[in-house]
Amino acid sequence: MYIIVVGAGKVGWNLARELLDKGHEVTLIESDRRRYLTVEQELEHNVSYGDASELWVLERAGIQRADMVIAVTGDDEDNMLICQVAREKYLVERIIARVNNPRNRPHFDLLGIKPSVSATDLILRLLEHEVPEYGLVHLLDLQEEQLEIIEMLLGKDSSVTGRRVGDLSMPEGSLLISVLRSGKGFVPTADTVLEEGDEVLAVLDPGKEDDLKALFGPEGNGDGG
Amino acid sequence: MFVLIVGCGRVGSSVARAMLREGHEVSCLDEDPESHARLEVGLEKSWEDLGGHFTVGAGLETEALVAAGIERADAFIASTDGDNTNIVIAQIAQKRYQVPTVIARVLDPLRAEWYQRQGLHTVCPTSVAIDMLEGAVRAGAENGRGSDDPAAAA
């Protein structure tokens, strides 16, 4: 494939290198002269100097025959314009735009620029996954098998402390499999009474986390979601 | 008419004053709080006393655009110092807020021409300058150096 990458910052430079390693033909366009000279020492003729929002710079880079344009500059307006022009004027089939400020994502959508990638959004999503509310931690994700094992710490405000396991109406597709108390684990029975500070392990179908959170969190009523 | 001008530099502020003088309601949006002073150049009263509005914020920020009144704007002028910013925010005004009259200042003639063809009203000061310069040179060429010019006679 012939791929034009715009913006030779850390993202663009590494991306261009990886794409070249995979055997693609790549032109990396950079508008800052000094940055261009630095990158050119490594990528040589694969990097081109110019402002890619100038149409003639894109044409000089051969945008008419490009299979893909990836705009990863630090400026969202530039990325939007370059991708819009690539797709609508030069009929490039595939575009990818970098979103620097996640608040600008609606603008990318409005102008039909898809897909757009925001590192901030990705990290936020990971953060939610890794550090969720109510101390819900993913211990194991079996993607193929469509099962997850999670761990929850029962805080003072949890609505299930002091209740019998048998009285909880666990959401469908979830099962309490273990309780860790004072450093020791055991398999709960229906008569096990949950205590503050217990760490409970549950196995569940993907997507059942919110139901479990509703059940075990401070707002929960212990009656399932 | 309610006119919203984003980018209050020399061009934006002049257009803003002219529109206000003609009796329109005018709102300006600029990232730089200092640009408010440029609005008041040559005015006897403050911009606000004369009925103008001024909001500090970036043209790409939805909250700023709404605060500056984009939802009730009859005309929208994008005159920041960035061509790409102007092209993008003008399209937002057109497509998202359905502002009836949208104009973008674009310095690059190639981009101005292409977006004009896509249905965006662009004004390109560079093209105007090129035309004027060419015209001025042609007018000068007709005169040439007169025969009363001692250098030409030599």
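Residues numbered from 1 in each chain as written. Chains lettered and ligands numbered in written order. Predicted model: local features only at pLDDT ≥ 70, side-chain atom pairs only at ≥ 80, totals over all residues.

**Observations regarding the overall build of chain A**
We apply this condition: Secondary structure elements follow DSSP: runs of H or I no shorter than four residues count as helices, runs of E no shorter than two count as strands, and numbering proceeds from the N terminus. Radius of gyration here is computed from C-alpha atoms only, and the compact-globule reference equals 2.2 Å multiplied by the residue count raised to the power 0.38. In this scheme every C-beta is placed from the backbone, and a residue whose C-beta has 20 or more other C-beta atoms within 10 Å is buried, one with 12 or fewer is exposed, and one in between is partly exposed.
Helix and strand content of chain A: seven helices and eleven strands. Relative to the compact-globule value of 17 Å for 225 residues, chain A shows a C-alpha radius of gyration of 26 Å, a clear excess of over 25%. Principal-axis analysis of the C-alpha atoms gives chain A an extent of 75 × 35 × 30 Å. Counting the 225 residues in chain A, one finds 32% classified as buried.

**Looking at the overall build of chain B**
What counts here: For the purpose of contact definition, each residue receives a C-beta atom placed from its backbone, and two residues are in contact when these atoms lie within 7 Å.
For chain B, the helix and strand inventory stands at seven helices and six strands. The N-to-C order of helical and strand elements in chain B reads β-α-β-α-β-α-β-α-β-α-β-α-α. Taking 15 Å as the expected radius of gyration for a compact globule of 154 residues, we find that chain B reaches 20 Å, considerably beyond that expectation. Taken along the three principal axes of its C-alpha coordinates, chain B extends 70 × 40 × 25 Å. Split into buried and exposed, the 154 residues of chain B put 36% on the buried side. Intrachain contacts of chain B at a sequence separation of at least 6 include 49% that bridge at least 24 residues.

**Let's talk about the packing of helix α4 (residues 76-88) of chain A against helix α4 (residues 83-95) of chain B**
Packed helix pairs are characterised by how far apart their axes lie and by the angle those axes make with each other. The cut-off we apply is this: Between N-to-C directions, angles cover 0 to 180 degrees, with each direction set by a line fitted to C-alpha atoms, over the stretch in contact for helices. Working rule for angles: under 35 degrees goes down as roughly parallel, over 145 as roughly antiparallel, 65 to 115 as roughly perpendicular, anything else as oblique. Think of it as three bins: nonpolar holds Ala, Val, Leu, Ile, Met, Phe, Trp, Tyr, Cys and Pro, charged holds Asp, Glu, Lys and Arg, and polar takes everything else, Gly as well.
Contact pair α4(A) / α4(B): the axes reach a minimum separation of 9 Å and the direction vectors enclose 70 degrees. It follows that α4(A) is roughly perpendicular to α4(B) by the angle criterion. The residues of α4(B) that touch α4(A), namely those facing A:E77, A:D78, A:M80 and A:L81, are B:N84, B:T85, B:I87 and B:V88. Residue classes in the contact of α4(A) with α4(B) are distributed as four nonpolar, two polar and two charged.

**Regarding the sheet that holds strand β3 (residues 53-56) of chain B**
Residues and elements named next belong to chain B. Note the following rule: Strand pairing follows a simple DSSP-based rule, namely that at least 2 bridges must link the two strands.
The six strands lie next to each other as β3-β2-β1-β4-β5-β6, forming an open sheet whose pairing is parallel. Lying at the two open borders of the sheet, with one neighbouring strand each, are β3 and β6 (121-123). Taking each pair of neighbouring strands and ignoring which way they run, the sheet shows an average axis angle of 20 degrees. In the sheet, strand β2 (residues 25-30) pairs with β3 via four bridges, with the strands oriented parallel. Its bridge partner lying in β3, C28 is registered against F54. α4 contacts β1 (2-6), β4 (75-78) and β5 (101-105) of the sheet and is inclined by roughly 175 degrees relative to β5.

**Brief notes about α4(B)**
Going by this rule: An expected span of 1.5 Å times one less than the residue number is assigned to each helix.
For α4(B), with 13 residues, the first-to-last C-alpha span of 18 Å sits near the 18 Å given by 1.5 Å per residue. Most of α4(B) sits inside the fold, with eleven of its 13 residues counted as buried. Where α4(B) is concerned, the buried positions are B:D83, B:N84, B:T85, B:N86, B:I87, B:V88, B:I89, B:A90, B:Q91, B:I92 and B:A93. Residues of α4(B) that are buried in the fold lie against α4 and α5 (105-110) of chain A together with β1, β4, β5 and α5 (109-117) of chain B.

**Regarding the sheet that holds strand β3 (residues 47-49) of chain A**
All names here are of chain A. If you walk across this open sheet you meet the six strands as β3-β2-β1-β4-β5-β6, and the pairing is parallel. Looking at which strands have only one partner, the edges of the open sheet turn out to be β3 and β6 (116-117). Relative to β6, strand β5 (residues 94-98) runs parallel, the two sharing two bridges. Bridging from a neighbouring strand, A97 pairs with S116 of β6. The strands touched by helix α2 (residues 33-43) within the sheet are β2 (25-30) and β3, with β3 carrying the most contacts at an inclination of about 160 degrees. Along the sheet, α4 contacts β1 (2-6), β4 (68-71) and β5; its crossing angle with β5, the most-contacted strand, is approximately 175 degrees.

**Describing the interface of chain B and chain A**
Facing the 14 residues of chain B at the interface are 13 residues of chain A. Taken together, the elements giving at least two residues each to the side of chain B that touches chain A come down to α4 and α5 of chain B. When residues of the side of chain B that touches chain A are assigned to their parent elements, the largest contribution, seven residues, is made by α4(B). Classifying every residue of the side of chain B that touches chain A gives six nonpolar, four polar and four charged.

**Side note on helix α6 (residues 125-143) of chain B**
Along its 19 residues, α6(B) runs 28 Å from first to last C-alpha, staying within 8% of the 27 Å computed at 1.5 Å per residue. Of the residues flanking the end of α6(B), it is B:G144, one or two places downstream, whose phi is positive at about 60 degrees.

**Let's talk about the confidence of the model for chain B**
Stated precisely, the cut-off is as follows: On a range of 0 to 100, pLDDT expresses the predictor's confidence in each residue.
A residue-level look at chain B finds 94% of positions with pLDDT of 70 or above and a mean pLDDT of 93. Both scores are given for the predicted complex: the pTM is 0.73, the ipTM 0.85.

**A short note on the nonpolar core**
Selection rule: The term nonpolar core means buried Ala, Val, Leu, Ile, Met, Phe, Trp, Tyr and Cys residues held together as one set by C-beta atoms within 7 Å.
Grouped together as the largest cluster of nonpolar side chains are 72 residues, with contacts concentrated most on A:V5, A:V69 and B:F76. If we ignore the near neighbours within four places in the chain, the residues touching A:V69 are A:I4, A:I63, A:I82, A:C83, A:A86, A:V92 and A:I95. Judged by nonpolar contacts, the second largest core, of 13 residues, contains A:M152, A:L176, A:L201 and A:L215.

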